[in-house]
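# Structural overview
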Amino acid sequence: MAPPPRPLPPLLYWALVLGALPLIWGGIPIFGGVACPKGGVACAQGGVACPGGCECERSSARCRGGAGRIPRGLPPTLATLSLIRWDLEELPQGSFQHLPMLNLLLLSSGRLRSVGDGAFDGLGLLEYLFIEDSQLGFVSPGALRGLRGLQFLSLANNNLETLPRELLRDLGTLRHLDLRGNPLRCDCALRWLLAWGRARSPSPEGRCRAPLPQLGVALAQLRPQQLQCQRHELRPFQTLLFSSLGAASASLGGQPWVFVVQPELGACALLEWDQLGGRFRAQSVVNGSSPVSCHPVVVGDTLFLVVAQLRGGSWVWRRSGSSFVRHQALGQGRLRHPHAVTSAHLGGHLYLGVADSSKGGASTVFHWASGAFYPQQALRPWRRDTHLEFLELGGRAALVACGAARRPQVFLWGAGGFAPHTDIPHVPDVYAAKHFRVEGNVFLCLTRFLGDAKVVMRWEGSMFREVQAVPARGSLVFQPLLLAGRRLVLLGNDFAPSRVLAAGAGGRLEPRQELPAPSPRAFVPITAARRHFLLATSFKGATQIYAHVTEDIGT
């Protein structure tokens, strides 16, 4: 779509409307006086002192092409000042205190990037302020303080994406705001401006450049309610008085089935919502021997529970009525020291992967057929794997295997099995890899054993490349998940508060909140009673549940 035609230059527009600015056309100077030489040399024009680079009359001055600070030596009775292509990058506090009688101020076609607090201190008589055709990208909240008589403000044709809420506070006389030609981001941060503009005529001028739903929409056509101003927060909801090694969930019959590993009790517990009490309760459903994973799998309308154990063998249990019964032994001696279990539907088939961390064991991929899980293939023996992750890369089933002894290895499906494709360089001590998708791209969150950073990587057709490193020591959880429709990544920590990160454009993570979750080992989103919760298992303390809360903070 072709860009809209450029509007009438604001300077020319206001000059015609107000009649306050004489025009410059065809090289004819704005003022009738003779220009003083550049270089800071002052001269007198009709008895009026005038600094170098400026043209002065008794009550007005036009300065062009200079550099450094605001010109000094101008008459203190000056009412109109124009700075054209003046080489300034910022306006600090009190930049015009030596010109207390200014009524109109124009800064145009320069390199101005920022306006600081109190930049116009002392200009109580200023009515017209134009900062146009520059590189202005930041205006401090207190930049306009003290301008009690300001009526017209033009910030047209700059690089402004937003304005601080406090900017126009106490400017009761302001009647017109021009923001045309700025890449405005019409989101929650500008909701206050729409509310301010609805009480004035005309409304602020300008068009939205982002986000996509508001692209090209004029500010005057937007209502404050169209800009969502919501704060998302996780708040403590319930403490379960037992430690837990891990957790996993599945959905069946429109309800979540969340299972928690209780190593001290040697059991897998089902977490259920108590409608009467409005709380969660945990009930042991499978008793075992040193369980390390309780992984639910749904096949058709049947719920299975894969219980991997350090002793007593690993088993698949089937839900029958209100209880679970043994369905099959898993591995039959193949699994010596299971460490993690994962599953996925890929290409119309159900796969189950068990990472084996024993010295002589091998991780195993199982496939579902004829009512049971059968071994599909054994992966790289003697690797002491700690995690397997199923995903799709370029439309093909894929698998990432992690372990302390080797770099993570990527397998692609072909010829009836998963074949090694490539490894992930520069991160030799990865404990686990978990993937998420943003805008069609596949990203991996890598949890490292010894490194002081957790790494986000993006698939680029044949290999993963690093996008971002997130500093974190003492963490064994770096987990992406979807909670209340929001893509989050949870970074657990054994020695400091855990962090909630939001996945933005390009897969980059931005901090959102800290959680006081002690030594977490897994995070699981839960939906119950039309509310959203986050379960945080803890290996050293009590298991925590947080409630997702949304607040409208717009005004």
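Everything here concerns the structure above.
Predicted model only: the values in this text are computed from it and were never measured.

This next bit is on the nonpolar core. Leu-81, Leu-91, Phe-96, Val-115, Phe-120, Leu-129 and Leu-168 are the most contacted members of the largest nonpolar core, which totals 53 residues. Where this core is concerned, the elements lending two or more residues are β3 (54-56), β4 (60-64), β5 (80-84), β7 (104-108), β9 (128-132) and α2 (191-198). When sequence neighbours within four positions are dropped, the list of residues in contact with Leu-129 reads Leu-105, Phe-120, Leu-144, Leu-147, Leu-150, Phe-152, Leu-153 and Ser-154. Counting 18 residues, the second largest nonpolar core, distinct from the first, contains Val-430, Ala-433, Val-442 and Trp-459.

Further remarks concern the pairing of strand β24 (residues 338-346). As paired elements, β24 and strand β25 (residues 349-356) share 8 bridges and run antiparallel to each other. Pairing of Ala-340 across the sheet is with Ala-355, part of β25. Linkage of β24 to β25, two consecutive antiparallel strands, is achieved through a turn of 2 residues, within which Gly-347 is found at a positive phi near 60 degrees.

Moving on to the packing of aromatic side chains. Here a ring pair, both rings aromatic, is described through the centre-centre distance and the interplanar angle of the planes. Evaluation of the coordinates by the stated rule reveals 18 aromatic pairs. The interplanar angle of 75 degrees and the centroid separation of 5.0 Å between the aromatic rings of Trp-413 and Phe-418 together place this pair among those described as edge-to-face. Residue Trp-413 is classed as partly exposed on the basis of its relative accessible area of 25%. Here a set of aromatic residues connected by ring pairs shows up, and it is made of Phe-237, Trp-273, Phe-280 and Phe-533. When the ring centre of Phe-237 is taken as reference, the NZ or CZ atom of Arg-279 above it lies at 4.9 Å. Positioned above the aromatic ring of Trp-315 is the side chain of Arg-326, whose terminal nitrogen or guanidinium carbon lies 3.9 Å from the ring centre.

Let's shift gears to the sheet that holds strand β26 (residues 363-369). Sheets are built from strands paired through backbone hydrogen bonds, the pairs being either parallel or antiparallel. Read from one edge to the other, the open sheet built from 4 strands follows the order β24-β25-β26-β27, with strand pairing classed as antiparallel. The open sheet has two edge strands, β24 and β27 (372-379), and neither has a second partner. For this sheet, the mean inter-axis angle between neighbouring strands, taken without regard to orientation, is 25 degrees.

On inspection of all chains with the given rule, the structure shows 17 salt bridges. With its nearest N and O atoms 3.9 Å apart, the salt bridge here joins Glu-205 to Arg-180. In this pair, Glu-205 is assigned in the loop between α2 and β14 (208-210) and Arg-180 in the loop between β12 (176-178) and β13 (184-185), connecting sequence segments 25 residues apart. By relative accessible area, which is 22% here, Glu-205 ends up partly exposed. Two residues, Arg-407 and Asp-423, come together in a salt bridge whose shortest N-O distance is 2.9 Å. A residue pair is termed long-range when its members are at least 10 positions apart, and Arg-407 in strand β30 (residues 406-414) and Asp-423 in strand β31 (residues 417-423) qualify at 16 residues. Asp-423 gets classed as partly exposed once you look at its relative accessible area, which sits at 29%. Linked by salt bridges that have partners in common, Arg-231, Glu-233, Arg-235 and Glu-551 make up one network.

Pairing within the open sheet is antiparallel, and its 4 strands lie in the order β28-β29-β30-β31. Each having just a single partner strand, β28 (385-393) and β31 make up the two edges of the open sheet. Each neighbouring strand pair of the sheet contributes to a mean axis angle of 30 degrees, computed without reference to strand direction.

About the cut-offs
- Residues numbered from 1 in each chain as written.
- Predicted model: local features only at pLDDT ≥ 70, side-chain atom pairs only at ≥ 80, totals over all residues.
- Heavy atoms only, no water.
- Core = buried A, V, L, I, M, F, W, Y, C linked by side-chain atoms within 4.5 Å.
- Buried < 20%, exposed > 50% of the residue type's maximum accessible area, 1.4 Å probe, protein only.
- Helix = DSSP H or I, 4+ residues; strand = E, 2+ residues; numbered from the N terminus.
- Contact = heavy atoms within 4.5 Å.
- Pairing = 2+ DSSP bridges.
- Phe/Tyr/Trp six-rings, centres within 6.5 Å; stacked < 30°, edge-to-face > 60°.
- Lys NZ or Arg CZ within 6 Å of the ring centre and 35° of its normal.
- Axes fitted to C-alpha atoms, helices over the stretch in contact; angles between N-to-C directions.
- Salt bridge = Lys/Arg side-chain N within 4 Å of Asp/Glu carboxyl O.

Take it as geometry only, folks, not as evidence of what the structure does.
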